Amino acid sequence: MSSTGNDGGGERRAGPAGSAAARARLRRAARPAAARPTAPQPSAGRRRGTVAAPDAERPAEPAPTLALPEPGDRSGLRSRPGRPFPGGPGDAPSGPGAPSEGSLLDMLKVAIAILDTAGRVVLWSPAAEELLGWPNELLVGRRIEELIPDQEQVARIRAAIQDTLRHGRWAGYAELRDREGSPVAVEARISLLVDGDGTPFLQVNLAESDAVRAVERDLAVRDALFEQSPLGIAILDTDLRYTAVNQTLAEMNGVALEDHVGRTTGETLPERAADEITSIQRQVLATGEPVIDVTLASPVTTRAGYRSISYSRMTDRSGRVLGISGTVMDVTERYRAVAKVEHARRRLSLLNEFGSRVGDLLDASRIAQELASSVVPRLTDHSAVILLQAVAHGDDLPRHGHDRRTSLLQLGTASVQDGPEVDVMLRRGARITFAEDSACGRVLRTGVPELLSGADQLDDVTYPGDPKMQAARDLGVHSMLVVPLRARGIVIGLLQVSRAGYREGFDRDDLAFTVELADRAGSSLDNARLYARERTAALTLQRTLLPQQVPQPTGVEVAYRYVPGSSGTEVGGDWFDVIPLPGDRTALVVGDVMGHGLRAAATMGRLRTAVRVLAALDLPPDVLLRHVHELADDLAQGPDEALLATCVYAVFDPATARLTVAKAGHIPPVLVVPGGQETEEPTRTGGPLPGGAGRILDLPSGAPLGVGGVPFESVELKIPEGSLLALCTDGLVESRDKDLDVGLGRLVTVLQQPHASIQAACEAVLDTMEQGREPDDVALLLARLGHGQAGTPTAGWTLPAEPTAVSRARRLVRATLAEWGVEALTDTSELLVSELVTNAVRYASAPIGVRLTLGETLLVEISDPLPDPPRERHAAEADEGGRGLELVRRLALRWGARAEGIGKVVWFEQALPGSERA
């Protein structure tokens, strides 16, 4: 061979044993289909497997040493560093029938080479290229000997070839050199092949020794584990049919090894046991989640006991599901040894669990349901808790004995199954009746529990023909316990538990345990009864102190919510109020008395009454708060406890669209202006809230009522049409771990959003309350502020403080009432306006205001800058004056005076002709 020879263009040596045509046929047969050039189909007489000579031309590279030890000799072999498994994006074959990635062939690669009888390479497979690094183009047509300078190794190769030619095959271990000169330990197999022309060839199969030994080792481990394991082992395919079982499992099942293979568990084991095991097998196969150490009763009746089964899904290296494997272990002795201890532990655990579940419950219905649920299914299949109506409603316990007229309610039910029969037997809230000589009647009357078994005894539970007992028979109930629930020596209810189907009936141990559980439940139920009675009294007091009816004044749409903050009797002192004031004005109040309990609620009632009384005097907000503060000692909860309360008081006048607000240490109000700007469109009551720009009103904080030291101040605001005012208590916006500003910001964010109505806005605000907030009452008052009813006639004038103002005021009033079509009110209105304007002219030195508003009544307001309110006095018969206010009192429907700015307003109302007030 020349040093410049190659497989494409160099001179090739032809041996007597093989021709170039034969080598070409073999190469073409071995070349992958994707790499073959498109060519016409061969004729029928042409044989397949011929390959053309390679086209690529590549210079030969130096040959490494190839060492072939004697057949069967493993000495001197060195391990080759592991190669990565194929499976990258470019390695996977595609198309129908392509082998899956990660199979055994990917791990145990077999390289194939074809030699002629002279040792020349006719075919060099891609696996051989990957194993040794020599490309096909470099080796085909050249003798293997040319790549091995060691003559001793050459002789051994020739001997192996001759041995194959004589005997047809040769096997042994070898150490080859790859293209980089590194040793590769392989297991070799050489076989003699003859093509259709009678030409002999040698097929060489090579596999890495480490991979072969690993497979052999795994198979040996599998055989040892499978055949010698004390555990029963089974392998099932994707159809859940046995493909292999060991002798241990065959003996456990009492079925021969050969009778397992090809059959399912349902075809091998008894039906009832097989159904449960098959269900587990399907679950593991479908989900891939292993099931470990599940204890089941032995499916073989001749070997009664218990088994622990475990199943896991098997997949190949590509993730394809092959089936499931399972192990079975006989745990009969272990199960029976642990069963007794576990039974006692479960009973104690059930008692402790029930105590923890009802320890902080103070609701009889919830306790009854917890009791019923706690015993199913651990103690029973069906349970019902039946209570006296007095216990459920928090009434006093009856002083007389129980009879068939005793009102009982079934408040707790639980069952292991659903269905119409269960609904009949265990309908929650159903009234229970019974015969006096029935089991229920006897237990209620005597307090002695009863254990009932058999159809005759079960028919005696309530009364003959009871549909509930017929439903129990349909459910297969065969054993029942009727146990009394006692408190203070009085039977307050019954606990009924029953077992059905194949479950064992109750015994005396079960009865004793159920009595202990019922006694604990009886104490909790009695505490709940006492609590319900006290809470009902507290809530009744609190609700009677809150507004029973909230008015909807002119120009204001009001919505409110009150949420008690605690489930106990500790009611709070939060309150709200909406107070109509003269002149279609409205006072909005929200307050909070510090503390909880009945005393706080009572103080709240006195404080609310004081605010309403002072509001009737039409005092400015800051003056009203000052007067309430001065009453703090009388309003306190007791002589040793000072009053401490917060309050916000706001007055809205729809005629002037002005809001006057003052607060005493309270949460500031929130104001939302629709669209962020004022609109003149009248507000539609009950309509949607459009949302808008919200802000927290910046008001002087003031000191809480009862503290003092800080003066109260009022702030007056011009309110755009349709604005939303929100007043609330701190329970709505405070939480344990967040600042007050966070809660107020959340309130502003909610109110800025559009809502379907003002009521919907209330619900949206309550939905934002922090779950971890302190248990405190919540009072929320929302008011949509408008400018009165659309089209309400209003007229006003400013007159100088001169004597001529009196006659001018009469003329203006007369003309205005004639224009409005209420001339019938002219004479009285002129007289009263004349008297009030005369008083203002006499004592005032600044302009006098006159305003008329025609609504449900005729409202007349006379304003002047003097702050002192008018005082009515009784004039003697000889007195020439002093009768003005007396005339107003006698002729007007209502009258009064209020402070406004630095002055005052004296007003009176007249009923319209034809109205109910007239």
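How each quantity is defined
Within any chain, residue numbers begin from 1 and follow the written order of that chain's sequence. This being a predicted model, a pLDDT of at least 70 is required before a residue's local features are given, and a value of 80 or more before pairs of side-chain atoms are given or counted; all residues contribute to the totals for chains, interfaces and linings. Water and hydrogen atoms play no part in the side-chain values, which are based on all heavy atoms of the structure. Only DSSP runs of H or I with at least four residues qualify as helices, and only runs of E with at least two residues qualify as strands; both kinds are numbered from the N terminus onward. For every residue, the accessible area obtained with a 1.4 Å probe (protein chains only) is divided by the maximum for its type, and the residue is called buried under 20%, exposed over 50%, and partly exposed between those limits. Think of a polar contact as two N or O atoms within 3.5 Å of one another; within protein, one of them needs to be a possible hydrogen donor and the other a possible acceptor, and neighboring residues in sequence only count if both atoms come from side chains. Working rule for contacts: check all heavy atoms of both residues, and any pair within 4.5 Å makes them a contact. Axis definition: a line fitted to C-alpha atoms, limited for helices to the stretch in contact. Angles are taken between N-to-C directions and run from 0 to 180 degrees. Angle categories are assigned with fixed cut-offs, so that under 35 degrees is roughly parallel, over 145 is roughly antiparallel, 65 to 115 is roughly perpendicular, and the rest are oblique. Take the far helix as the reference: if the near one is turned anticlockwise from it by less than a right angle, the crossing is left-handed, and if turned clockwise, right-handed. Amino acid classes used here: Ala, Val, Leu, Ile, Met, Phe, Trp, Tyr, Cys and Pro are nonpolar; Asp, Glu, Lys and Arg are charged; the rest, including Gly, are polar. Here, any two strands with at least 2 DSSP bridges between them count as paired. Note on patches: the residues involved have over 30% relative accessible area and no salt bridge, like charges join within 9 Å, and the nonpolar side chains Val, Leu, Ile, Met, Phe, Trp and Tyr join within 5 Å. The Shrake-Rupley method, run with a 1.4 Å probe, gives the accessible areas here. Residue values count only the displayed protein chains as cover. A carboxyl oxygen of Asp or Glu within 4 Å of a side-chain nitrogen of Lys or Arg is what we treat as a salt bridge.

Chemist: How do you make sense of the side chain of Arg-529 when you look at a structure like this?
Modeler: Among the structural elements, Arg-529 can be located in helix 17 (residues 508-545). Looking at Arg-529, the relative accessible area reads 5%, which means it is buried. Polar side-chain contacts of Arg-529 include one of 3.0 Å to the side chain of Asp-526. When sequence neighbours within four positions are dropped, the list of residues in contact with Arg-529 reads Ala-390, Val-391, Gly-394, Asp-395, Asp-396, Leu-397 and Arg-488.

Chemist: Even after reading the chapter, I still don't get the packing of helix 18 (residues 598-616) against helix 19 (residues 621-630), so can you show me in this structure?
Modeler: The relative placement of two packed helices comes down to the angle between their axes together with the axis-to-axis distance. The N-to-C vectors of helix 18 and helix 19 enclose an angle of 135 degrees; their axes lie 10 Å apart at closest approach. Overall, the two elements helix 18 and helix 19 adopt an arrangement that is oblique. Helix 19 is crossed by helix 18, and the crossing has right-handed handedness. For the pair helix 18 and helix 19, the contacting residues are Leu-607, Val-611, Leu-614 and Ala-615 in the first and Leu-624, His-627 and Val-628 in the second. Split by residue class, the contact of helix 18 with helix 19 holds 6 nonpolar, 1 polar and no charged.

Chemist: Honestly, unusual backbone geometry in this entry has me stumped. Any pointers?
Modeler: Note: most residues except glycine have negative phi, and most peptide bonds are trans. Going from Val-376 to Pro-377, the amide bond is cis rather than trans, its omega being 0 degrees. As for its position among the elements, Pro-377 is in the loop between helix 11 (364-374) and strand 11 (382-388). In the Ramachandran plot, Leu-240 falls in the positive-phi region, its phi being about 60 degrees despite a non-glycine side chain. Its identity is not glycine, yet Ala-657 carries a phi of approximately 55 degrees, on the positive side. Mapped onto the secondary structure, Ala-657 falls in the loop between strand 20 (645-653) and strand 21 (658-664).

Chemist: Whenever I open this one, the sheet that holds strand 25 (residues 723-728) confuses me. Can you help?
Modeler: Picture the strands of a sheet paired through backbone hydrogen bonds; they go either parallel or antiparallel. Across the sheet, 5 strands lie side by side as 17-26-25-22-23; this open sheet has antiparallel pairing. Two strands lie at the open edges of the sheet, namely strand 17 (556-563) and strand 23 (692-696), each paired on one side alone. In this sheet, adjacent strand axes meet at a mean angle of 15 degrees when their direction is disregarded. Where strand 25 lies against strand 26 (residues 778-785), 6 bridges are found, and the strand directions are antiparallel.

Chemist: Where do I start with a nonpolar patch on the surface in this structure?
Modeler: Side chains of Met-594, Leu-644 and Val-707 sit close together on the surface and give an oily, nonpolar patch of about 230 Å² of accessible area. Within the secondary structure, Val-707 sits in the loop between strand 23 and strand 24 (715-718).

Chemist: Just checking my understanding: could you explain the pairing of strand 30 (residues 894-900) for this structure?
Modeler: For a regular strand, the rule is simple: side chains alternate between the two faces of the sheet. Pairing analysis gives 7 bridges linking strand 30 to strand 31 (residues 903-911), with the strands arranged antiparallel. Within strand 31, the residue paired with Glu-900 across the bridge is Gly-903. Between strand 30 and the antiparallel strand that follows it, strand 31, lie 2 residues; Gly-901 among them carries a positive phi value of about 65 degrees.

Chemist: Where do I start with the pattern of salt bridges in this structure?
Modeler: By the definition in use, this model includes 33 salt bridges. The residue Asp-519 makes a salt bridge to Arg-486 at a minimum N-O spacing of 3.3 Å. Of the two residues, Asp-519 sits in helix 17 while Arg-486 sits in strand 15 (residues 477-487), which places them 33 residues apart along the sequence. By relative accessible area, Asp-519 is classed as partly exposed at 29%. Judged by its relative accessible area of 29%, Arg-486 is partly exposed. If you follow the salt bridges from partner to partner, you end up with Glu-353, Arg-357, Glu-370 and Arg-378 in one network.

Chemist: Please clarify how the packing of helix 17 against helix 18 should be interpreted in this entry.
Modeler: For the pair helix 17 and helix 18, interaxial distance at closest approach is 9 Å and the crossing angle is 10 degrees. The orientation of helix 17 relative to helix 18 falls into the category roughly parallel. For the crossing formed where helix 17 meets helix 18, the hand is left-handed. In this structure, helix 17 contributes Ala-538, Leu-541, Gln-542 and Leu-545 to the contact, and helix 18 contributes Leu-598, Ala-601, Ala-602, Met-604, Gly-605 and Arg-608.

Chemist: Sorry if this is basic, but what is going on with the sheet that holds strand 29 (residues 857-864) here?
Modeler: Taken together, the 5 strands give an open sheet; going across it, the order is 27-28-29-31-30, and neighbouring strands pair in antiparallel fashion. Single-partner strands in this sheet number two, and they are strand 27 (794-799) and strand 30. Here the strands of the sheet are splayed against their neighbours by 15 degrees on average, with no regard to which way each runs. Pairing analysis gives 6 bridges linking strand 28 (residues 848-854) to strand 29, with the strands arranged antiparallel. Each bridged residue has a counterpart across the sheet, and for Thr-853 the counterpart in strand 29 is Leu-859. Contacts from helix 23 (residues 804-820) reach strand 27, strand 28 and strand 29 within the one sheet, and its direction differs from that of strand 27 by about 170 degrees.

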